[in-house]
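Chain by chain, the residues run as shown.
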Amino acid sequence: SIDAAPVNRLSLAETLRRIEGATVTQLRPARQSPHRVNPVYPRPLRDYLGEGPEPGEWRQVAGGVEVIDVPIPVDDRRVRILRVQPGQRLPRHGHSGDEVTMVLAGGYRTREAAYRRGDVESADASTIHQPVAEPGEPCICVTVTRGPIIPTVALSRLFQKVSRIWS
């Protein structure tokens, strides 16, 4: 959505000159862990979770839905990792604030779009959706929310009180 900008006719030549003259430095591997590290979880997230094959203790919140609260002190936001079994639907809900979700493994779909590993969905107070995990492997994603989730049906409100996933 950015307007086109003219490129200097010497830009390519200058870039190639810099590449040819660049020195290559040997990178040292990151700090080695005695544990097997699960590559699903990016390094910045593992810094908060530890180095084991799983990021922490999964808490069952509903059939086929597990959550880990990530201890990141970020003002009024809450960070979680969700693991949703293939085909499992989350309750239909809205948002009192913003929510950003990044898929780490598997995928999910909403009525509007499908999200796969590396995709990011952004929701706000105008968003009402019901994510469904795609077939295949479990959908693992990290979510950052501001404000509580708003269930859209009475059963979801009961689910909210029982599981506390949305609070």
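What counts as what
Residues numbered from 1 in each chain as written. Predicted model: local features only at pLDDT ≥ 70, side-chain atom pairs only at ≥ 80, totals over all residues. Heavy atoms only, no water. Helix = DSSP H or I, 4+ residues; strand = E, 2+ residues; numbered from the N terminus. Buried < 20%, exposed > 50% of the residue type's maximum accessible area, 1.4 Å probe, protein only. Contact = heavy atoms within 4.5 Å. Pairing = 2+ DSSP bridges. Axes fitted to C-alpha atoms, helices over the stretch in contact; angles between N-to-C directions. Polar contact = N/O pair within 3.5 Å; in protein donor to acceptor, adjacent residues only side chain to side chain. 1 Å grid on protein atoms, 1.4 Å probe; cavity = no way out; pocket = protein on both sides within 12 Å on 5 of 7 lines; lining within 4 Å. Points joined across faces, edges and corners; volume = space filled by probe spheres on them. Nonpolar A, V, L, I, M, F, W, Y, C, P; charged D, E, K, R; others polar. pLDDT = per-residue confidence, 0-100. Phe/Tyr/Trp six-rings, centres within 6.5 Å; stacked < 30°, edge-to-face > 60°.

**Q** Mind laying out the overall build of the protein, listing which residues take part and the relevant values?
**A** On a plain count of helices and strands, the protein comes out with three helices and twelve strands. When burial is assessed residue by residue, the protein has 37% of its 167 residues classed as buried. Look at the contacts in the protein between residues 6 or more apart in sequence, and 60% of them connect residues 24 or more apart.

**Q** Describe the pairing of strand 2 (residues 65-69), and please don't skip the residues or the numbers.
**A** Of all five residues in strand 2, four are buried; the element is thus mostly enclosed. Where strand 1 (residues 59-62) and strand 2 come together, three bridges link them in antiparallel fashion. What sits directly across from A62, in strand 2, is V65. Strand direction decides the pairing type here: strand 2 and strand 3 (residues 77-84), joined by five bridges, are antiparallel. For I68, the partnering residue across the bridge sits in strand 3 and is I81.

**Q** Let's hear about the sheet that holds strand 8 (residues 120-123): which residues, and what values?
**A** If you walk across this open sheet you meet the six strands as 1-2-3-11-5-8, and the pairing is antiparallel. Lying at the two open borders of the sheet, with one neighbouring strand each, are strand 1 and strand 8. Direction aside, the axes of adjacent strands within the sheet are offset by 25 degrees on average.

**Q** How would you sum up the side chain of E121? Please name residues and give values.
**A** As for its placement among the helices and strands, E121 is situated in strand 8. There is a polar contact of 2.5 Å between the side chain of E121 and the side chain of Y108. Residues in contact with E121, not counting those within four places in the same chain, are E99, V100, T101, Y108, T110, Y115 and H129.

**Q** Any chance you could break down the pairing of strand 3 for me, citing the residues and the numbers?
**A** Most of strand 3 sits inside the fold, with six of its eight residues counted as buried. Pairing analysis gives eight bridges linking strand 3 to strand 11 (residues 139-146), with the strands arranged antiparallel. Following the sheet pairing, R77 is matched in strand 11 by R146.

**Q** Could you give an account of the layout of surface pockets, naming the residues involved and the relevant values?
**A** Taken as a whole, the largest pocket spans an internal volume of roughly 170 Å³. Along the walls of the largest pocket sit R89, R92, R109, T110, R111, E112, I128, H129, Q130 and V132, which together make up its complete lining. Classifying every residue of the lining of the largest pocket gives two nonpolar, three polar and five charged.

**Q** Can you break down the confidence of the model for the protein residue by residue, with the values?
**A** Per-residue confidence for the protein gives a mean pLDDT of 77; residues scoring 70 or more make up 78%. The element-level mean pLDDT for the protein is lowest in helix 3 (residues 154-163), coming to 51, with strand 6 (residues 107-109) highest at 95. This stretch, residues 27-35, has a pLDDT under 50; its non-local contacts, to residues over four places away or in other chains, come to five contacts.

**Q** Which residues make up the packing of aromatic side chains, and what values do they have?
**A** For the coordinates displayed, the defined rule picks out one aromatic pair. On the basis of an interplanar angle of 25 degrees and a centroid distance of 5.0 Å, the ring pair of Y108 and Y115 is categorised as stacked. Classification of Y108 as buried rests on a relative accessible area of 5%. The exposure class assigned to Y115 is buried, which follows from its relative accessible area of 14%.

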